[in-house]
Amino acid sequence: MRADAKPRLVGRQPPRSHGVPRGNLAASDRFAAKRGPPGSWSWRPAPACLPEKVISLSLNRRLAIPVLTVLLALTACGTSATPAAQAPAGAPAKGGTLVFGVNTEPINLDPHASPQDVTGLFTRPVLDSLVALDDKGGIHPWLATSWEISADGKTYTFKLREGVKFSDGGVFDGAAVKANLDHIVDPKTKSQLAAAAFGPYEGTKVIDAQTVEVSFSKPYSPFLAALATAYFGIQSPTALAEGPEALAKKVVGTGPFVIDAFVPHQGITYHRNPDYNWAPEGAKHTGPAYLEKLEIKVLTEDAVRLGALTSGQIDAIASVPPVNVKQVEADPKLTIVRKQAPGGNYNYYPNTAKGVFADQKVRQAFRDGIDFATIVGKLYFGTFDPAFSPVSPATHGYDAATESQWRYDPEGAGRLLDEAGWTAKDAEGYRTKDGARLTVRWPFLKSFAREQRGTLAEQIQAEAKKIGFEVVFTDVTATDFAPKAIAGDYDLIDFSWQRADGDTLRNLFAISNIPSGTFFGQNLARYEDAEVDGWLSDSLATTDLAERAALYAKIQQKVNTDAVVFPVYVFNYLLGVSKNVRDIAWEPQAYPTFYDAWVSKA
C-alpha cells in the first residue's frame, strides 16, 4: 500500500449467490473483491466454476503391507460411502460417512509448526481461518467479519464474528486470535512454514473481545492470503497450552469437524460438529457439515489405494497414479478431478554457496543438458506438465515468458562445462578438473518420496552421466535431513512448496530465508542477490496485484538466468472419486475440503 493511501474497510459481507447450477464436485460459490471508489471495496459474484486448473517437503511413509491384507482391513472397517438419508434428487443428503485415501501422512498435526501440505489436508476440517481466499486472489470474511488496513500498510484491524465456539467449549475471541498468532512465531513452536509466511510481524493487540490489531514493522501485502491458509488456522488456546507434543497428535478448532483419533501410519477419523454455523463466504451452505463422519486413510502404496477405490472400498483417493488415470476415467462409477497446485513447483535447487554448483556455468550446464520435459512427459504420461519457472501457472504473477527462456541443449551444456574448466574425462566418462570428478551430492529421502520422485531422480542421474556429471544419492532419514539442509551439506536438494500467493518466491529466494543456525529457511539454493531482494521487498509494500505480478516476473526471469533453480514438473492434484460423492471443494493451495461434501445412494 502506498504511504499516501487512505485507510479502507475491506471484507464487508456480500449477499449470497443463489440458483447457480452445479454439477459433481463443483467449486463453491465465490465472491471476488472489486475495487470501488478510492478508499472502498465493493463485491461482485464470481463464476461458480472449477478451474482445470511443501518446504512442502511432503513426506510419506511407505508401509510394507500386502495389498490383500489392507483391502481386508478396509472391509473389516466397513464399506465406504455410508448411505446418507434420502434427499430429493439433486439436493444434498445429510448424514453418512466419506472415506478418503491418501498416499502420505503428517509427521506433525500442528499446522503452525509443520510445513507439509498433508498437514493442511488433515487439519482443515477442524480449523477455520480468519479470512478465506478464492481462486482469483479475492479475500472474504470467515471468522473475521471485516478488517481495516492502515494508510501505511503496517496495521490490520479485524472485527471478529460473535457466537463462535471451539469444539472443546472455549469461546473464540480476540484473546484466542492473539494466542494463535503469537504461537506461530514462538521459537518453541519451531514453525517451518507459517512463521516464514508471517513476514515482519511485531505483535497482536486485543482491543476488545471482538477486535484485534495486528502490527508489522513494515508493509506486508501477502498477510491476508497467508492468513487464509490452514497453516494459520485458529486453534483452541486451551489446546495450544498443552504444548508441542500434544499438538502433534491432536488439534482442536472451531471447524465443521472434530477429530476422534489420529493413528500414525493408519489415518484419522472425525465426527461432525453439530454446533457449526459460521462457514466462510462462498460456501455452498450454512450450518453443520452434511457428512456425519469423515475418515482419511493412509494408503501409501499406489496399488493398494487404487484397488480400494476401484473396488468400492473407499470413496475417493488422492494422487491417482498417472499410469492409471485412463483406467479410472473409463470406469463408469468413477471420475478424475484435476487441480493444479499454486506456489513452488517440484524443483531441484543447487547449492550456489559452495561446491560444484557455486559456478553458474556448471549450474546452467546441468539444467540445459538434461531433457527434463521428455523425462517428465514419459514418466507421468502427460498428467504433469514440465516446469519452466520456479512457480506454477496457477500462481498469481506467473510469467509465461519463462517457458521459452531456456531449453534442452546438451551441446551447449558441454561448451559451458569446457568454459568452467571441466575439460577432462575419467575412465567412466565423468568430467574432471584438476583430477577431481564432477560430482553432485544429493541427500534424497527416497523412502519418503511421493509421485515416483525416486524413479524420476534415478532417470535424472542416468541423464546427468551422459553429460559428465556423477550424481551421488546420500542416504538420509527425516531426522538427519534437516541438519544437513541447515548446514548446507549438499550440492542438490529437491522439494515442492505449495502456496496460494506469488510471495512464495520470497520464501524460496530471499536472502533472509537462507537456512542458518536453527532456522530452517526455504532458500535452499542459498541464493544471495541484492537486486532480487529489492524486488521482493517492493512486492511486500504494494497491494496492487498488477505491480506485484510485474515484480514477480522479474524475479522468475532473474533466477532462471542465474540457474539457481532447476524446474522439474507442475504438480496436478489427481483426485479419483466415486460418482456417489458430491461437492468436494478445494483449498486455494489445491487440496480437497469436505465441508460441502455429501454422499448419495448408488
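Residues numbered from 1 in each chain as written. Predicted model: local features only at pLDDT ≥ 70, side-chain atom pairs only at ≥ 80, totals over all residues. Heavy atoms only, no water.

What follows concerns the overall build of the protein. Scanning the protein for helices and strands turns up 16 helices and 29 strands. The 602 residues of the protein split such that 59% are buried. Put simply, the protein shows about 22900 Å² of open surface, and 53% of that area lies on carbon and sulfur atoms. (Helix = DSSP H or I, 4+ residues; strand = E, 2+ residues; numbered from the N terminus. Buried < 20%, exposed > 50% of the residue type's maximum accessible area, 1.4 Å probe, protein only. Areas by Shrake-Rupley, 256 points an atom, 1.4 Å probe, with all protein chains shown as cover.)

The subject of this paragraph is unusual backbone geometry. Phi is positive for Lys190, close to 55°, though the residue is something other than glycine. The class of Lys190 is exposed, set by a relative accessible area of 66%.

Two elements in contact, helix H15 (residues 530-540) and helix H16 (residues 545-561), have axes whose closest approach is 9 Å; the angle formed by their N-to-C orientations is 160°. Taken together, the axis directions place H15 and H16 in an arrangement best described as roughly antiparallel. Regarding H15 and H16, the two cross each other, and that crossing is left-handed. Of H16, the residues touching H15 (which contributes Glu531, Val532, Trp535, Leu536, Asp538 and Ser539) are Arg548, Leu551, Tyr552, Lys554, Ile555 and Lys558. Class assignment for the residues of the contact of H15 with H16 results in six nonpolar, one polar and five charged. (Axes fitted to C-alpha atoms, helices over the stretch in contact; angles between N-to-C directions. Parallel < 35°, antiparallel > 145°, perpendicular 65-115°, else oblique. Left-handed = near helix turned anticlockwise from the far one by under 90°. Contact = heavy atoms within 4.5 Å. Nonpolar A, V, L, I, M, F, W, Y, C, P; charged D, E, K, R; others polar.)

Further remarks concern the environment of Phe381. Mapped onto the elements, Phe381 comes out in the loop between helix H10 (372-379) and strand E17 (385-386). The spatial distance from the C-alpha of Phe381 to the C-alpha of Asn324 is 9.5 Å, given a sequence separation of 57 residues. Those residues within four positions of Phe381 in sequence are excluded, and the remaining contacts are Pro322, Val323 and Val376.

A word on the sheet that holds strand E20 (residues 436-437). As summarised here, the arrangement of the three strands in space is E18-E19-E20, forming an open sheet in which the pairing is antiparallel. Whereas interior strands pair on both sides, the edge strands pair on one side only; in this sheet they are strand E18 (424-425) and E20. Pairing of strand E19 (residues 431-433) with E20, which is carried by two bridges, proceeds in the antiparallel orientation. By the bridge assignment, Lys433 is partnered in E20 with Ala436. (Pairing = 2+ DSSP bridges.)

So, about the nonpolar core. The biggest cluster of nonpolar side chains holds 160 residues, and the ones touching the most others in it are Phe100, Phe122, Phe158 and Phe366. No other element matches the five residues that helix H4 (residues 223-227) contributes to this core. Residues within four places of Phe158 in sequence aside, it is in contact with Val131, Ala144, Ser146, Trp147, Gln210, Thr211, Val212, Val214, Phe223, Leu224 and Leu227. (Core = buried A, V, L, I, M, F, W, Y, C linked by side-chain atoms within 4.5 Å.)

A few words now on helix H13 (residues 478-487). Considered for burial, the residues of H13 that qualify are Phe481, Ala485 and Ile486. Down the axis of H13, the sector holding all buried residues measures 120°, keeping them to one side. Seen from the open side of H13, the exposed residues pointing more than 90 degrees away from its buried face are Thr479 and Ala487. On its buried side, H13 packs onto strand E21 (439-444) and strand E23 (492-497). In the segment just after H13, Gly488 is the residue with positive phi, at about 75°. (Arc of directions from axis to C-beta.)

Applying the stated criterion across every chain yields a total of 40 aromatic pairs. On the basis of an interplanar angle of 75° and a centroid distance of 6.2 Å, the ring pair of Phe158 and Phe223 is categorised as edge-to-face. Taken together, the residues Phe158 in strand E8 (residues 155-160) and Phe223 in helix H4 connect sequence positions 65 residues apart. Both residues of the pair, Phe158 and Phe223, belong to the buried class. When the ring of Phe384 is compared with that of Tyr569, the centres are 5.0 Å apart and the planes differ by 10°; the resulting orientation is stacked. Highlighted residues: Phe384 in the loop between H10 and E17 and Tyr569 in strand E24 (residues 566-570), separated in sequence by 185 residues. Judged on exposure class, the residue Phe384 and its partner Tyr569 are both buried. Members of the aromatic cluster, connected to one another through ring pairs, are Tyr346, Tyr348, Phe372, Tyr380, Phe384, Trp442, Phe444, Phe473, Tyr569, Phe571, Tyr573 and Trp586. Geometry around Phe571 places Arg450 over its ring, the cationic atom sitting 4.8 Å from the centre. Its end group placed over the ring of Tyr346, Arg453 keeps NZ or CZ at 3.9 Å from the ring centre. (Phe/Tyr/Trp six-rings, centres within 6.5 Å; stacked < 30°, edge-to-face > 60°. Lys NZ or Arg CZ within 6 Å of the ring centre and 35° of its normal.)

Turning next to the pairing of E23. For E23, the tally of buried residues reaches six of six residues, placing the bulk of the element in the interior. Of the two faces of E23, the one lined by Leu492, Asp494 and Ser496 and the one lined by Ile493, Phe495 and Trp497 are each fully buried. Here strand E16 (residues 344-350) runs beside E23; their pairing, made up of five bridges, is antiparallel. In the sheet register, Tyr348 faces E23, and the bridge partner there is Asp494.

Another point: the environment of Ala400. By the element assignment, Ala400 lies in the loop between E17 and helix H11 (410-419). Sequence-wise, Ala400 and Ser389 are eleven residues apart; in three dimensions their C-alpha atoms are separated by 8.4 Å.

All right, on to the pattern of salt bridges then. Per the counting criterion, the structure on display carries 25 salt bridges. Linked by salt bridges that have partners in common, Asp117, Arg450, Glu451 and Arg453 make up one network. (Salt bridge = Lys/Arg side-chain N within 4 Å of Asp/Glu carboxyl O.)

Another point: the sheet that holds strand E15 (residues 334-340). Overall, mixed pairing links the seven strands, which are arranged E11-E12-E13-E4-E14-E25-E15 in an open sheet. Taken across any chain shown, the strands that pair with only one partner, and hence form the sheet edges, are strand E11 (257-263) and E15.

This part is about the packing of helix H9 (residues 360-368) against H11. Helix-helix packing is characterised by the crossing angle of the two axes and by the distance between the axes. Across the interface, H9 lies against H11 with an axial gap of 8 Å and an inter-helix angle of 160°. Compared by their axis directions, H9 and H11 come out roughly antiparallel. Like other packed secondary-structure pairs, H9 and H11 cross with a definite hand, here left-handed. Where H9 abuts H11, its residues Lys361, Val362, Gln364, Ala365 and Asp368 lie against Pro410, Ala413, Leu416, Leu417 and Glu419. Residue classes in the contact of H9 with H11 are distributed as six nonpolar, one polar and three charged.

All of the buried residues along H15 are Val532, Trp535, Leu536, Ser539 and Leu540. Burial along H15 is one-sided: seen end-on, the buried residues are contained in an arc of 145°. Where H15 is buried, its residues contact helix H14 (504-509) and H16. Two to three positions downstream of the cap, the backbone nitrogen of Glu531 sits 3.1 Å from a side-chain oxygen, assigning the N-cap of H15 to Asp529. (Polar contact = N/O pair within 3.5 Å; in protein donor to acceptor, adjacent residues only side chain to side chain.)

Next up on the list: the pairing of strand E13 (residues 293-298). Looking along a regular strand, one sees side chains alternate from face to face of the sheet. Burial runs high along E13: five of the six residues are buried. Of the strand pairs in this sheet, strand E4 (residues 97-102) and E13 are connected by six bridges, and their pairing is parallel. Considered in E13, the bridge of Phe100 is made with Ile296.

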